[in-house]
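Examination of the molecular architecture
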There are 2 protein chains.
Amino acid sequence: MRSAYIEQMAELNAVLGQMCELAGTAMERSTQALLQADLTVAEEVIGAHEQLTVLSTRAEERAFALLALQAPVAGDLRAIVSGFQIVADIERMGALALHVAKIARRRHPAKALPEEVNGYFAEMGRLAVTMATNAREVLNTQNPEDALKLQDDDDALDDLHRHLFTVLMDREWKHGVAAAVDVTLLGRYYERFSDHAVLIGRRVVFQATGQTPEQFTEV
Amino acid sequence: MRSAYIEQMAELNAVLGQMCELAGTAMERSTQALLQADLTVAEEVIGAHEQLTVLSTRAEERAFALLALQAPVAGDLRAIVSGFQIVADIERMGALALHVAKIARRRHPAKALPEEVNGYFAEMGRLAVTMATNAREVLNTQNPEDALKLQDDDDALDDLHRHLFTVLMDREWKHGVAAAVDVTLLGRYYERFSDHAVLIGRRVVFQATGQTPEQFTEV
């Protein structure tokens, strides 16, 4: 019974890992579409989104099968419930990458971003993609220390996001209100994407140790 | 066994209902703080947020107890898993109301909103609070038709949100970039709040009928 649980749980985590990869790839390409006003890449991201929904249904089916067939208790039960929550987090990451691609498409052939803030988005995009990769990794390894490190990249992304706002609020901003609205929304999408990656890390800590990150780091 | 399940599920839904009420009250008062630049009310919303976290933990404990003690199958299992997802939705609604209160506090004693867009936010606030009330109601009644009606209020709110953007993007916008950034974020918070209320309605349809809203409305 126990070995069947372990095997099925590994299968569930494998699907979650695939989902993270899709979400990370989507954010990578959305960022490319945004920075280069590349309509083809934006359309590809939008067209590929359906794959995430398919995997999401598959992951939930596996989690339900674990709940129904293995009659798990205590820690196992909590790990499976975390699985459902991780599905929701990755779905949201994919939706946020999709929002970025849609803004790139809406502004094409113009660039949505003024040149001045390109660097911020290139770096926020890089961090977001790294976080999706790391989330995938810790879903696989179930290493709680590595899972907690997702917080560091999130801190770096939040710093960039704050600096971006000082650029926007500066009286020297010359790009008008429409660009400011786009930059505000886009910044928010990257910030939320990385928040969800941090949540995945927190849930992995819980899956692996039965403790919240706060309890775990107190030890 | 079955009657114990029904009783405990009703208790879980009662906690979820209380959570909806807290989230709705928070959004009502945040909107008031925003429109009137009322610091006291903003602080009250911020201080009350902790209550939602307490109820959230209680709701998750009840859902775990249902999973562990009742060894539920099929439909019951799906209803309990929906319970966890509803907890996450309401938590997010509370967090979004909190964001509104924090912007009101940050701009105090000034008003965050230019007079010109007050009407939009008054109406988006009214709709958002109505949706939280209706979400609470359908959690209690488990009426799938009423649960689906949450979509109508969301459509109305999305319309307002779209109009708000046309006001922002208008060349006549005279309130500068900083106000535009606030209005953009605030609009997004109301929109996401109502999205989560719709999701609760969808989950109630699933709890009550075992069908997705799409399957249910096809019948």
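Residues numbered from 1 in each chain as written. Chains lettered and ligands numbered in written order. Predicted model: local features only at pLDDT ≥ 70, side-chain atom pairs only at ≥ 80, totals over all residues.

**Observations concerning the overall build of chain A**
- Within chain A, the secondary structure is distributed over seven helices and zero strands.
- Of the regular secondary structure in chain A, the N- to C-terminal order runs α-α-α-α-α-α-α.
- Burial statistics for chain A: of 219 residues in total, 45% are counted as buried.
- Look at the contacts in chain A between residues 6 or more apart in sequence, and 83% of them connect residues 24 or more apart. (Helix = DSSP H or I, 4+ residues; strand = E, 2+ residues; numbered from the N terminus. Buried ≥ 20, exposed ≤ 12 C-beta atoms within 10 Å, placed from the backbone. Contact = placed C-beta atoms within 7 Å.)

**Quick notes on the packing of helix 4 (residues 118-141) of chain B against helix 5 (residues 144-169) of chain B**
Residues and elements named next belong to chain B.
- Remark: helix 4 packs on helix 5, axes separated minimally by 10 Å, with the N-to-C direction vectors making an angle of 165°. As summarised for this structure, helix 4 and helix 5 are arranged roughly antiparallel, according to the angle between their axes. Judged by the twist between their axes, the crossing of helix 4 over helix 5 is left-handed. Here Y120, E123, M124, L127, A128, T130, M131, N134, A135, E137, V138 and T141 of helix 4 lie close against helix 5, whose contacting residues are D146, A147, L150, D153, D154, A156, L157, L160, H161, H163 and L164.
- Of the residues assigned to the contact of helix 4 with helix 5, the class counts are 13 nonpolar, five polar and five charged. (Axes fitted to C-alpha atoms, helices over the stretch in contact; angles between N-to-C directions. Parallel < 35°, antiparallel > 145°, perpendicular 65-115°, else oblique. Left-handed = near helix turned anticlockwise from the far one by under 90°. Nonpolar A, V, L, I, M, F, W, Y, C, P; charged D, E, K, R; others polar.)

**Digging into the relation of the copies chain A and chain B**
- Once chain A has been moved 0.0 Å along the axis and rotated by 180°, it coincides with chain B to within an RMSD of 0.0 Å. Within this description, the copies of the chain are treated as partners about a two-fold rotation axis.
- Residue by residue, 100% of the interface of chain A is reproduced at the interface of chain B, so both copies engage with the same surface. (Least-squares fit on C-alpha atoms with pLDDT ≥ 70 in both.)

**Some thoughts on the interface of chain A and chain B**
- Residue-level contacts link 20 residues of chain A with 20 residues of chain B.
- Within the residue set of the side of chain A that touches chain B, elements represented by two or more residues are helix 2 (39-70), helix 3 (74-107), helix 5 (144-169) and helix 6 (176-209) of chain A.
- Ranked by residue count, the leading element in the side of chain A that touches chain B is helix 6 of chain A, at seven residues.
- The residue inventory of the side of chain A that touches chain B, partitioned by class, reads 17 nonpolar, two polar and one charged.

**Comments concerning the environment of B:I80**
Residue and element names in this part refer to chain B.
- Mapped onto the elements of the fold, I80 is located in helix 3 (residues 74-107).
- Considered as a pair, I80 and D195 are 115 residues apart in the sequence and their alpha carbons are 21 Å apart.
- Apart from residues lying up to four places away in sequence, I80 is in contact with A63, L66, L67 and P72.

**Quick look at unusual backbone geometry**
- Here the residue pair A:H108 and A:P109 is connected by a cis peptide bond, since its omega of 5° sits within 30 degrees of zero.
- Counting through the fold element by element, A:P109 comes out in the loop between helix 3 and helix 4 (118-141).
- With a phi angle near 50°, B:A37 is a residue other than glycine that sits in the positive phi range.
- Position of B:A37 relative to the elements: it lies in the loop between helix 1 (2-36) and helix 2 (39-70).
- Owing to 17 C-beta atoms within 10 Å, B:A37 belongs among the partly exposed residues under this scheme.

**Side note on helix 4 of chain B**
- Compared with an ideal rise of 1.5 Å per residue, which puts 24 residues at 34 Å, helix 4 of chain B spans 34 Å between its outermost C-alpha atoms and is within 8% of the ideal.
- Positive backbone phi, approximately 60°, marks B:Q142, located one or two places after helix 4 of chain B. (Expected span 1.5 Å × (residues − 1).)

**Points about helix 5 of chain A**
- Between its first and last C-alpha, helix 5 of chain A extends 39 Å over 26 residues, near the 38 Å set by a 1.5 Å rise per residue.
- Residues of helix 5 of chain A that are buried include every one of A:P144, A:A147, A:L150, A:D154, A:L157, A:L164 and A:L168, and no others.
- Buried positions along helix 5 of chain A lie against helix 4, helix 6 and helix 7 (213-218) of chain A together with helix 6 (176-209) of chain B.

**Some points on the packing of helix 3 of chain A against helix 6 of chain A**
All names here are of chain A.
- In the contact formed by helix 3 and helix 6, the axes pass within 9 Å of each other and the chain directions differ by 165°. Considering their axes alone, helix 3 and helix 6 lie roughly antiparallel with respect to each other. Both helix 3 and helix 6 take part in a crossing whose hand is left-handed.
- Split into classes, the residues belonging to the contact of helix 3 with helix 6 amount to 15 nonpolar, five polar and six charged.

**A word on the environment of B:A178**
All names here are of chain B.
- Looking at the element boundaries, A178 is found in helix 6.
- Given 17 C-beta atoms within 10 Å, A178 falls into the partly exposed group.
- For the pair A178 and G201, spaced 23 residues apart in sequence, the C-alpha separation works out to 35 Å.

**So, the confidence of the model for chain A**
Residues and elements named next belong to chain A.
- For chain A, per-residue confidence averages 94 on the pLDDT scale, and residues scoring 70 or more make up 99% of the total.
- Confidence scores differ between elements of chain A, with helix 7 showing the lowest mean pLDDT of 88 and helix 4 the highest of 97.
- Across the assembled chains, the prediction reports ipTM 0.93 with pTM 0.95. (pLDDT = per-residue confidence, 0-100.)

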